[in-house]
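Summary of structural features
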Amino acid sequence: MIAVAASSAHSQPPADAPQSSQRQDDELDGRSIEYWIEQLASDSYSRRQRSSVILEKAGNQAIGALAEATKSGDFEVITRAIRILQRLAVRQSIEDEGGAVEELTRIAADSVGSRGVVARDALSNIVSMRSDQAYEALNEAGVFIGQSTFVPTSPRMMALIRIDDAWNGDVDVLRWLRWIRDIDTVVLNDKACRDDVLIHVSRMPALTNVQLNNGDLSRRGLESLTNLQQIRVLIFNYVQFDQQPTDTIVRLPLVESLRMFGTNLDSEGAETIRDTFPGVLMEITKGAFLGVQSDMTATECRIQSVISGGAAEKAGLIAGDVIIELNGKPIKDFFDLKDEIAKADIREEIEIKVRRGPGDDANEIVLKAVLGRQDVQ
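Read on for a plain summary of the structure. No experiment lies behind these values; they were computed from the predicted model shown.

The subject of this paragraph is the overall build of the protein chain. A count of helical and extended segments in the protein chain gives 14 helices and 15 strands. In terms of overall dimensions, the protein chain is more spread out than a globule: its C-alpha atoms have a radius of gyration of 31 Å, far above the 21 Å expected for 377 residues. By its C-alpha atoms, the protein chain is 115 × 55 × 35 Å across when sized along the principal axes. In the protein chain, 42 positive and 58 negative side-chain charges are present, and the distance between their average locations comes to 3 Å.

Another aspect to go through is the side chain of Q39. By the element assignment, Q39 lies in helix α3 (residues 33–39). Given the relative accessible area of 14%, Q39 is considered buried. Separated by 3.4 Å, the side chains of Q39 and R47 make a polar contact. Contacts of Q39, omitting those with residues within four sequence positions, involve R47, R48 and S51.

This part covers the pattern of salt bridges. For the structure on display, the rule yields 24 salt bridges. Between K71 and E68 there is a salt bridge; the shortest N-O distance is 3.3 Å. One salt bridge connects E223 with R251, and the closest N-O pair in it is separated by 2.3 Å. A residue pair is termed long-range when its members are at least 10 positions apart, and E223 in helix α10 (residues 219–223) and R251 in the loop between α11 (246–249) and β8 (254–261) qualify at 28 residues. Residue E223 is classed as partly exposed on the basis of its relative accessible area, which comes to 25%. On the accessibility criterion, R251 (44% relative accessible area) is partly exposed. Overlapping salt bridges bring together E95, D172, R175 and R203 as one network.

It is worth spelling out the packing of helix α7 (residues 99–110) against helix α8 (residues 113–140) at this point. Put simply, α7 and α8 touch, their axes get as near as 8 Å, and they point 135° apart. Between α7 and α8, the crossing angle belongs to the class labelled oblique. Of the two elements, α7 crosses α8, and the hand of that crossing is left-handed. Contacts between α7 and α8 involve V101, L104, T105, R106, I107 and A108 from the former and R115, G116, A119, R120, A122, L123 and I126 from the latter. Considering only residue class, the contact of α7 with α8 consists of 8 nonpolar, 2 polar and 3 charged.

With respect to topology, 7 strands assemble into an open sheet ordered β1-β2-β3-β4-β6-β8-β9, the strand pairing being mixed. The outermost strands of the open sheet, each flanked by one partner alone, are β1 (144–149) and β9 (281–285). Shown here is a sheet whose adjacent strand axes are inclined to one another by a mean of 20°, direction ignored. The pairing of β1 with strand β2 (residues 157–163) spans 6 bridges and is antiparallel.

With that out of the way, let us pick up α8. With 28 residues, α8 ought to run about 40 Å at 1.5 Å a step, and its terminal C-alpha atoms sit 41 Å apart, in line with that. Residues of α8 that are buried include every one of R115, G116, V118, A119, A122, L123, I126, R130, S131, A134, A137 and L138, and no others. In this structure, the buried residues of α8 make contact with α5 (63–69), α6 (75–90), α7 and β1. Just past α8, the residue G142 takes up positive phi, approximately 90°.

Examined against the element boundaries, I307 turns out to sit in the loop between β11 (301–306) and α13 (311–315). Taking the relative accessible area as the measure of exposure, I307 reaches 31% and is therefore partly exposed. On a C-alpha basis, the gap between I307 and A319 in space is 10.0 Å, while along the polypeptide they are 12 residues apart. Each residue touching I307, except ones within four places of it in the same chain, is listed here: F289, G291 and E313.

This part takes up helix α4 (residues 45–58). Taking 1.5 Å of rise per residue, 14 residues should cover 20 Å, and α4 covers 20 Å from first to last C-alpha, within 8% of that figure. Among the residues of α4, those classed as buried are R48, S51, S52, I54, L55 and A58. Remark: G59 follows α4 within two positions and exhibits a positive phi of approximately 65°.

α6 packs onto α4 with a crossing angle of 30° between their chain directions and a minimal axis gap of 10 Å. Considering the angle they form, α4 stands roughly parallel to α6. Pair α4 / α6 crosses with right-handed handedness. Where α4 abuts α6, its residues Y45, R48, Q49, S52, L55 and E56 lie against E76, R80, I84, R87 and L88. Classifying every residue of the contact of α4 with α6 gives 4 nonpolar, 2 polar and 5 charged.

Reading guide: rules and limits
Residues numbered from 1 in each chain as written. Predicted model: local features only at pLDDT ≥ 70, side-chain atom pairs only at ≥ 80, totals over all residues. Heavy atoms only, no water. Helix = DSSP H or I, 4+ residues; strand = E, 2+ residues; numbered from the N terminus. Rg over C-alpha atoms; globule rule 2.2 N^0.38 Å. Lys, Arg positive; Asp, Glu negative; His and termini not counted. Charge placed at Lys NZ, Arg CZ, Asp CG, Glu CD. Buried < 20%, exposed > 50% of the residue type's maximum accessible area, 1.4 Å probe, protein only. Polar contact = N/O pair within 3.5 Å; in protein donor to acceptor, adjacent residues only side chain to side chain. Contact = heavy atoms within 4.5 Å. Salt bridge = Lys/Arg side-chain N within 4 Å of Asp/Glu carboxyl O. Axes fitted to C-alpha atoms, helices over the stretch in contact; angles between N-to-C directions. Parallel < 35°, antiparallel > 145°, perpendicular 65-115°, else oblique. Left-handed = near helix turned anticlockwise from the far one by under 90°. Nonpolar A, V, L, I, M, F, W, Y, C, P; charged D, E, K, R; others polar. Pairing = 2+ DSSP bridges. Expected span 1.5 Å × (residues − 1).

What follows is the structure, given as structure tokens:
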């Protein structure tokens, strides 16, 4: 009975260790990893090729030995070992920075001469391939990548990524954003203006400009921006925070400008943020919008154009009007107008006095406008 039991146990081994050992033997053709590493320097080309194939099949278990082989001084061995590491790195998850990716990064950073050159070339190839895959995956998911405007009041076109209602909602695909290395600007609109999307966006290596429109954020989403090296331009248009964002915003690496338009930031928080970034251009308002454009260099507030559908057009303002008063306060130039509008609330009714007509024939007219929101799509 004992002999039979022993024989049975041997013929049907446990599922884990023996089967795993058998798979390893199959992958290595019954030899050790060290043996196949040695074959990378074989005089036989076919032997070198076979060893490359087998070491690649061995996968993660060969990574340490391959990294060590790059120290051999033999250019053929160095090149083959690094190319195998490159292929293993490509097979890793797009978020996995360990394994072959980690070894290649270390070799590239620590090595001089041919070893470092080949490793850096391998990393460059990985980044290039991942970048191509990222563009394809993001485009298929409805993420816009191309030329568009960034600042709402500026017509200047620039390369950016925009995630909006055209996006299919697949959050997992946004993991590819970390492989977009040549774009520094992102716009999130409406359903995409939220924490989980912003967290993926903040992993973009070159990111410095961020615009968030018509959404809701918590401290968790804002915290992701503190990981950036610097933020040149940060814009919040009609974004509502689940709590006052002041403590997080003052820790952001802001270097150029901050616009908070129509958020629920309170006046005390706005003052704290202004004091924290004395050299940063600030525009923090309640979000009311009149809808006129004017020459900012002029010595009067003459309307150059009226935005269609805006509060100004509905009130009867026309191009050529000169705004001279708002709610009884003198308006000397466009900056005076901006300052007064910044104090007003959305849906607030204001009284505007304008001078209309040429020269001595000009008339003063008083109009009433109900302030609205700016279209930031």
